[in-house]
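Fold and contact review
As a plain string of letters, each chain reads:
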Amino acid sequence: PVRIATLTNQKINESSGLAASRVEQNLFWTHNDSGDKPRIFAFDTAGKDRGEFQIPKAKADDWEDMASVTIDGKPCLILADIGDNGRRRKSCTLYVIQEPSQVKQSIKVRKIRFRYQYGPCDCESIAIDPVSKNIFLVEKIFAIRCPIYQLAWPDRNSNDVLVAKKVGSLQLPPVTAMDISADGRRAIMATYANAYEFQRRGDESWRAAFARSPRT
């Protein structure tokens, strides 16, 4: 790896999630790990601070990851409050906002509450398929296989607690981050040591793609 920049904003003291902007090239978003306010930060590839944005009516219990996606023609960010080291949370929350373009922009928040099919999970990674809009989460577990869950994108605002269903198990070390490429073809998962790439063939499902061995 080659260092390309150092972030100038000293408020970013434990960057946890990272997402590329869908509005501006070379712009990125991040947030701190647990213990911070519900806020996100923008920066560019030179490390220059591009603004801080407070997320209204949101809680930051343990934000672990984020993702960017276009929903109904609008660039959006998904902030994942999914950390659960003690595996005690009955439900977790995803905050969906339209990607801000100016510092004083009013931000509307959509909350997606969900639980896992087989009980609480400790999770640090989220990705969304830009084609199907299905959301994927990988349980961070120190075991031979890491369960991966799929959450269908809700078609309406609801206070219902949705269910993330298990769609497979990955023979990987503990996964701490993931993302899916903008064309919906490649999923990359990061661990403490390496990154692993899964690739879809033709019109196959992600369930089928995740069943194969990845490229390290």
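That block above? That's the structure.
My aim in this report is to walk through the structure given alongside it, one point at a time. This structure is a prediction, so every number in the text was calculated from the model and none was measured. The numbers attached to residues start from 1 for each chain and follow its sequence in the written order. Per-residue local features are limited, in this predicted model, to residues with pLDDT of at least 70; the limit for side-chain atom pairs, both in listing and counting, is 80 or more; totals at the level of whole chains, interfaces and linings are taken over all residues. For the side-chain quantities, the full set of heavy atoms in the structure was used; hydrogens and water were omitted.

**Side note on the pairing of strand S14 (residues 186–191)**
Within a regular strand, the side chains alternate between the two sheet faces. Of the two faces of S14, the one lined by Ala187, Met189 and Thr191 is fully buried and the one lined by Arg186, Ile188 and Ala190 carries no buried residue. The pairing of strand S13 (residues 175–180) with S14 spans 5 bridges and is antiparallel. In the sheet register, methionine 178 faces S14, and the bridge partner there is methionine 189. Should DSSP find at least two bridges between two strands, the strands are taken to pair. Working definition: helices are DSSP H or I runs of at least four residues, strands are E runs of at least two. Numbering for both runs from the N terminus. Linking S13 back to S14 in an antiparallel pair, the connection comprises 5 residues, with glycine 184 at a positive phi of about 70°. Bridging between S14 and strand S15 (residues 195–199) involves 5 bridges; their strand directions are antiparallel. Bridge assignment links alanine 187 to a residue of S15, and that residue is phenylalanine 198. Hairpin connection, S14 to S15: the antiparallel pair is bridged by 3 residues. Classification of residues uses two cut-offs on accessible area relative to the type maximum, computed with a 1.4 Å probe and protein chains only: under 20% is buried, over 50% is exposed, and between them is partly exposed.

**Remarks on the sheet that holds strand S1 (residues 15–20)**
Pairing within the open sheet is antiparallel, and its 4 strands lie in the order S1-S2-S3-S4. Strands at the two margins of the open sheet, each flanked by one partner only, are S1 and strand S4 (49–54). Within the sheet, the average angular offset between the axes of one strand and its neighbour, ignoring direction, is 25°. Where S1 lies against strand S2 (residues 27–32), 5 bridges are found, and the strand directions are antiparallel. For serine 15, the partnering residue across the bridge sits in S2 and is asparagine 32. With axes taken as lines fitted to C-alpha atoms, and helix axes fitted only over the stretch in contact, angles between N-to-C directions fall between 0 and 180 degrees.

**A few points about the sheet that holds S13**
A sheet is described by the order of its strands in space; here 3 strands give the open sequence S13-S14-S15, paired in antiparallel fashion. In this open sheet, the two strands that pair with only one neighbour each are S13 and S15. Looking at each pair of strands side by side, their axes are set apart by 20° on average, direction ignored.

**A short note on unusual backbone geometry**
A positive phi angle is found at lysine 57, which is not glycine, with a value near 60°. When you line up the elements, lysine 57 lands in the loop between S4 and strand S5 (63–71). Owing to a relative accessible area of 76%, lysine 57 belongs among the exposed residues under this scheme. Not every positive phi belongs to a glycine, and aspartate 72 is a case in point at roughly 50°. Here aspartate 72 lies in the loop between S5 and strand S6 (74–81).

**Examining the packing of aromatic side chains**
Put simply, two rings from Phe, Tyr or Trp (the six-membered ring, in Trp's case) pair if the centres are within 6.5 Å, and we call them stacked under 30 degrees between planes, edge-to-face over 60, tilted for the rest. Tallied over the entire structure, the rule returns 8 aromatic pairs. Consider the rings of tryptophan 63 and tyrosine 95, whose centres lie 6.1 Å apart with planes at 45°: the pair is tilted. Here the residue tryptophan 63 occupies a position in strand S5, and tyrosine 95 occupies one in strand S7 (residues 92–98), the gap between them amounting to 32 residues. There is no split in this pair, since tryptophan 63 and tyrosine 95 are both buried. Measuring from ring centre to ring centre gives 5.7 Å for phenylalanine 136 and phenylalanine 210, while their planes differ by 80°; the resulting arrangement is edge-to-face.

Limitation: the analysis is restricted to geometry and does not speak to function.
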